Amino acid sequence: MEIVFMGTACAAAGRDRDNTSLLLRSEIGSTMIDIGGNPLGKLKRLDMRTDEVARLVLTHGHIDHIYGLPSLLWGMWLDGREKPLDIYCDESDRDWVKSWIGMLGMSEWPARYEVVVRTYAWKQPSVLVSDSDTELSIFPGRHAVPTVGVKLKHQGKVAVYSSDTELNPVIKAMSRIDLLIHEATTASRPLASHSSLREIILYYDWTAVRRLALVHLTDDEPYDEVFAEVPHYIRSRMRLAQDLESELL
Ligand SMILES: [Zn+2]
Ligand SMILES: [Zn+2]
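Notes on the structure in this doc start here.

What about the coordination of the zinc ion (ligand 1)?
- Only Asp64 (OD), His65 (NE2), Asp164 (OD) and His216 (NE2) from the protein coordinate the zinc ion (ligand 1), and they sit 2.1 to 2.2 Å from it.
- Note that the zinc ion (ligand 1) binds four donor atoms; their angles at the metal cover 89 to 161°, and the shape is irregular.
- The sequence pattern formed by the donor residues of the zinc ion (ligand 1) is D-H-x98-D-x51-H.

A look at the coordination of the zinc ion (ligand 2)
- For the zinc ion (ligand 2), the full set of protein donor atoms is His60 (NE2), His62 (ND1), His143 (NE2) and Asp164 (OD), at a range of 2.2 to 2.4 Å.
- In this structure, the zinc ion (ligand 2) is surrounded by four donor atoms whose angles at the metal cover 91 to 163°, and the resulting shape is irregular.
- Read in sequence order, the donor residues coordinating the zinc ion (ligand 2) give the pattern H-x1-H-x80-H-x20-D.
- The metal-metal distance between the zinc ion (ligand 2) and the zinc ion (ligand 1) is 3.6 Å, with Asp164 serving as a donor to both. Taken together, the residues span a long stretch of sequence, with His143 in the loop between strand 8 (134-140) and strand 9 (148-154) and Asp164 in the loop between strand 10 (157-161) and helix 4 (169-172) at a distance of 21 residues. Summarising the burial analysis for this pair, His143 and Asp164 share the class buried.

Re the sheet that holds strand 11 (residues 179-183)
- Within the open sheet, the seven strands sit side by side as 7-8-9-10-11-12-13. Their pairing is mixed. What marks the edges here is a single partner per strand, and that holds for strand 7 (126-130) and strand 13 (238-240). If you compare each strand with its neighbour and ignore which way they point, the axes differ by 20° on average.
- Examined bridge by bridge, strand 9 and strand 10 share five bridges and lie antiparallel to one another. Looking across to strand 10, one finds that Lys151 is bridged to Val160.

Side note on the side chain of Ser195
- With respect to the secondary-structure elements, Ser195 resides in the loop between strand 11 and helix 5 (197-203).
- Side-chain polar atoms of Ser195 contact the backbone oxygen of Thr165, separated by 2.7 Å.
- Apart from the residues lying within four places of it in its own chain, the contact partners of Ser195 are Thr165, Glu166, Leu167, His182, Glu183, Ala184, Thr185, Thr186 and Ile200.

Some thoughts on unusual backbone geometry
- Look at the link from Trp109 to Pro110: it is a cis peptide, with omega at 0°.
- Looking at the secondary structure, you find Pro110 in the loop between helix 3 (94-103) and strand 6 (115-120).
- The phi dihedral of Asp34 is positive, around 65°, even though this residue is not glycine.
- Note on placement: Asp34 falls in the loop between strand 3 (30-33) and helix 1 (39-45).
- Positive phi is not limited to glycine here, since His216 has a value of about 55°.
- On the secondary structure map, His216 appears in the loop between strand 12 (212-215) and helix 6 (223-227).

With respect to the sheet that holds strand 2 (residues 21-25)
- Taken in spatial order, the seven strands make up an open sheet running 6-5-4-3-2-1-14, and their pairing is mixed. On the outer flanks of this sheet lie strand 6 and strand 14 (246-248), each paired with one strand and no other. Shown here is a sheet whose adjacent strand axes are inclined to one another by a mean of 20°, direction ignored.
- Of the strand pairs in this sheet, strand 1 (residues 2-7) and strand 2 are connected by five bridges, and their pairing is antiparallel. Bridge pairing links Gly7 to Ser21 in strand 2.
- The strands that helix 2 (residues 69-78) touches are strand 3, strand 4 (53-57), strand 5 (85-90) and strand 6; relative to strand 5, the one it contacts most, it runs at about 165°.

A few points about the nonpolar core
- Membership of the largest hydrophobic core comes to 27 residues, with the highest contact counts inside it found for Met32, Leu58, Leu73, Ile87, Ile101, Met106 and Tyr113.
- Those residues within four positions of Leu58 in sequence are excluded, and the remaining contacts are Asp34, Ile35, His65, Ile66, Ile87, Tyr88, Cys89, Val97 and Tyr120.
- In this structure, Ile200, Trp206, Leu212 and Val230 belong to the second largest nonpolar core, which totals 25 residues.

Considering the environment of Arg55
- Note on placement: Arg55 falls in strand 4.
- Taking the C-alpha atoms as reference points, Arg55 and Ile87, separated by 32 residues in sequence, lie 5.8 Å from one another.
- Excluding its chain neighbours within four sequence positions, the residues that come into contact with Arg55 are Gly29, Ser30, Thr31, Met32, Leu85, Asp86, Tyr88 and Val129.
- Separated by 2.8 Å, the side chains of Arg55 and Thr31 make a polar contact.

The rules behind these values
- All residue numbers refer to positions counted from 1 along the written sequence of the respective chain.
- All chains are assigned letters beginning with A, and all ligands numbers beginning with 1, in the order in which they are written.
- It should be noted that, the model being predicted, local features are given only for residues of pLDDT at least 70 and side-chain atom pairs only at 80 or more, the latter also being counted only at that level, while totals for whole chains, interfaces and linings use all residues.
- In computing side-chain values, all of the structure's heavy atoms are included and hydrogens and water are not.
- In this analysis a donor is any N, O or S atom within 2.8 Å of a metal ion (3.2 Å for sodium, potassium and calcium), and since water is not included, sites may seem incomplete.
- In this scheme the shape depends on donor count and angles: four donors with every angle between 85 and 135 degrees give tetrahedral, four or six donors with opposite pairs above 155 degrees and others between 65 and 115 give square planar or octahedral in turn, and any other case is irregular.
- The way it works is that DSSP assigns letters per residue, a run of H or I at least four long becomes a helix, a run of E at least two long becomes a strand, and they are numbered from the N terminus.
- Partly exposed describes any residue whose relative accessible area lies between the buried limit of under 20% and the exposed limit of over 50%, with all areas from a 1.4 Å probe on protein chains only and scaled to the type maximum.
- Two strands pair if DSSP finds at least two bridges between them.
- Orientation is described by axes fitted as lines to C-alpha atoms, over the contacting stretch for helices, and by angles from 0 to 180 degrees between their N-to-C directions.
- Between N or O atoms, a polar contact is any pair within 3.5 Å; within protein, one atom must be a potential hydrogen donor and the other a potential acceptor, and residues adjacent in sequence are included only when both atoms are from side chains.
- Should any heavy atoms of two residues lie within 4.5 Å, those residues are counted as being in contact.
- Buried Ala, Val, Leu, Ile, Met, Phe, Trp, Tyr and Cys residues that are joined via side-chain atoms within 4.5 Å together make up what is termed a nonpolar core.

What follows is the structure, encoded as structure tokens:
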């Protein structure tokens, strides 16, 4: 399974980064997790058609995690999509997600595909999608609004995406994470509802976490100063992610 960083910036976006979102690329239907920036351009850069995206998981309702949705829906219509698109969101976000999509006037384009809004209960860990070798689930985050992290199990390997969060004991309790994708909005200064790189390094168990890719990054933060303090055996497993780079799970 290829995990593509569609964007890696914090809420304010970056000079060279779009807002943080991910693509779980699979031949049987890819999943986008949050959506910002320029999703159509990013899919073109990946040589992907929009109908390869089977579903979208919204981790929370902050603008930097959702604002690319109208552009994606528009692009799917332009591409002649006919198969439905599933959008997952928290049950408390369902009404505004549906009304927002309604305001876009898709029936007048007219879009030939259906958007199906499916809900999860953010405080309750639950499986969204599974097949014989892949399971996609959510777990509660610790953010300013109802927010979930995402866990992907694929052929015995585990990837976890924190979404926007303070340090999360649910992630810390996981016995093995092959790839942790964690927000690091700051290098070391405290910021409410978010995590700093320094906190992440001190908090998580680096025998359980094999690799760390950092997202939701802020321009001009002194991440390298924090990395310089880290023992090499840990430092070598950590990196700042860049837009359109990918990891294999
Ligand atoms: Zn954010
Ligand atoms: Zn947020």
